[in-house]
Amino acid sequence: MDVTTRNFFRLLRAGEFGQQEKVEPMSACKWRKTMLFAKAHGVEAETYAGLEVLNEQFFIQMIPEEVTTEWASLASYNSRRTTLVCTALSPKLEKRLASIAEKADSSSAEYQLLEELLRLAYGMLRDDHWVRQMLVVGEMIRERGSQVNREKLSRWIDKFHLQKMIQLEGALLIELMGLQSDELPFTVKPSEFNIERFASSIPHSQEQMRFSQGKDIFVHTSNKSAIVWNARRSARFLRYYPTESIANLFASFAKSLNNIEE
């Protein structure tokens, strides 16, 4: 995990949960990279709040004024958007979730947590604002974790075959968001996961891998590594959520084809 990623999550933890941590010194270029990292994941306001929480630290005060001014502008725009970015689920997952809602209290803590955990899992598969979704899950656990019926939540997790994916999510919440293992309404062993390696693969920009068509009849990629990139992204989660990982690979390929230039 590089220094920009480490400082990025320190700012997130400070801005969202008020945690006091010492940031590492960085150049103006790297602070700007961290700001763009926040923009790519829709957490400009949360990370800027982290700057304000940690503003007495020397290395925070050394950030160039033009960077903090731009960051504040992005944060202001972000706060005017919908507060909760709702990560969409696949039609299959939406249907299965709806079937549970028909038989359960959809306002219960365990049902709402299940829904947000599913959205986090699917967001991670698609690299779709999942860092922001992780904040949503962390907030919900802090606010309603003690109200969760653990036995019922465990049965639903089993029904969705989410056991390994939830374990990964729990490890991320502990290592990257600063939650304690006893706060989680499910058991997790962070030592079983290489979170640093995982965090190092988090995309730092909004660049999309798309397919395009040249002057001939063949379909090309705007980036030669697009197919490999999509395959690797889905393969990362194959051991945790095999069915949705495979489905997501084909879905992302099909979606990319919609971007073919006529």
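Some details on the overall build of the protein chain
Helix and strand content of the protein chain: 13 helices and two strands. When each of the 262 residues of the protein chain is scored for burial, the buried share is 46%. Contacts in the protein chain between residues far apart in sequence, at least 24 positions, make up 73% of those at least 6 positions apart. Here the protein chain has roughly 13,800 Å² of accessible surface; of this, 51% comes from carbon and sulfur atoms.

Topic: the confidence of the model for the protein chain
Detailed conclusions should not be drawn from predicted coordinates in areas where pLDDT is low. Confidence in the prediction of the protein chain, expressed as mean pLDDT, is 80, and 74% of residues score 70 or more. Contacts of residues 208–224 to residues separated by more than four positions or lying in other chains number 34 contacts, the stretch itself having pLDDT below 50.

Details of the packing of aromatic side chains
One pass over the full model with this rule turns up four aromatic pairs. Between the aromatic rings of F8 and F37, the centroid separation amounts to 4.0 Å while the plane-to-plane angle is 15°, which identifies the pairing as stacked. With F8 in helix α1 (residues 3–17) and F37 in helix α2 (residues 28–40), the pair connects residues that are 29 residues apart, well separated along the chain. Overall, the relative accessible area of 0% leaves F8 in the buried class. Residues Y111 and W156 carry aromatic rings whose centres are separated by 6.2 Å and whose planes lie at 85° to one another, so their mutual orientation is edge-to-face. Of this pair, Y111 sits in helix α7 (residues 109–126) while W156 sits in helix α9 (residues 150–159), placing them 45 residues apart in sequence. Both residues of the pair, Y111 and W156, belong to the buried class. Of the aromatic side chains, those joined through ring pairs into one cluster are F8, F9 and F37.

Some points on the packing of α7 against helix α8 (residues 130–144)
Running from amino to carboxyl end, α7 crosses α8 at an angle of 160°, the nearest separation of the two axes being 9 Å. As summarised for this structure, α7 and α8 are arranged roughly antiparallel, according to the angle between their axes. The way α7 lies across α8 gives a crossing that is left-handed. Along the contact surface, α7 presents A109, Q112, L113, E116, L117, R119, L120, G123 and M124, while α8 presents W130, Q133, M134, V136, V137, M140, I141 and R144.

Here's the deal with α9
Given 3.6 residues per turn, any residue in an α-helix points the same way as the ones three and four places further on. Among the residues of α9, those classed as buried are L153, W156 and I157. Considered in projection along α9, the buried side chains sweep an arc of 105° and stay on one side of the axis. Of the surrounding secondary structure, the elements contacted by the buried residues of α9 are α6 (91–101), α7 and α10 (163–175). Sitting at the amino-terminal end of α9 is N149, which places a side-chain oxygen 3.2 Å from the backbone nitrogen of E151. Note on α9: the residue one or two positions beyond its end, H161, has a positive phi of about 55°.

Some words on unusual backbone geometry
One non-glycine residue with positive phi stands out, namely H161, at about 55°. Classification of H161 by relative accessible area gives exposed; the value is 53%.

Section: the nonpolar core
Residues F9, W130, M134, L172 and M177 are the most contacted members of the largest nonpolar core, which totals 53 residues. When contributions to this core are tallied by element, the ones reaching two or more residues are α1, α2, α6, α7, α8, α9, α10 and α11 (195–200). Here this core gets 11 residues from one element, more than from any other, and that element is α7. The contacts of L172, once residues within four sequence positions are left out, are M124, W130, M134, M177, I195 and F198.

Here is what the cut-offs are and how they apply
- Residues numbered from 1 in each chain as written.
- Predicted model: local features only at pLDDT ≥ 70, side-chain atom pairs only at ≥ 80, totals over all residues.
- Heavy atoms only, no water.
- Helix = DSSP H or I, 4+ residues; strand = E, 2+ residues; numbered from the N terminus.
- Buried < 20%, exposed > 50% of the residue type's maximum accessible area, 1.4 Å probe, protein only.
- Contact = heavy atoms within 4.5 Å.
- Areas by Shrake-Rupley, 256 points an atom, 1.4 Å probe, with all protein chains shown as cover.
- pLDDT = per-residue confidence, 0-100.
- Phe/Tyr/Trp six-rings, centres within 6.5 Å; stacked < 30°, edge-to-face > 60°.
- Axes fitted to C-alpha atoms, helices over the stretch in contact; angles between N-to-C directions.
- Parallel < 35°, antiparallel > 145°, perpendicular 65-115°, else oblique.
- Left-handed = near helix turned anticlockwise from the far one by under 90°.
- Arc of directions from axis to C-beta.
- Polar contact = N/O pair within 3.5 Å; in protein donor to acceptor, adjacent residues only side chain to side chain.
- Core = buried A, V, L, I, M, F, W, Y, C linked by side-chain atoms within 4.5 Å.

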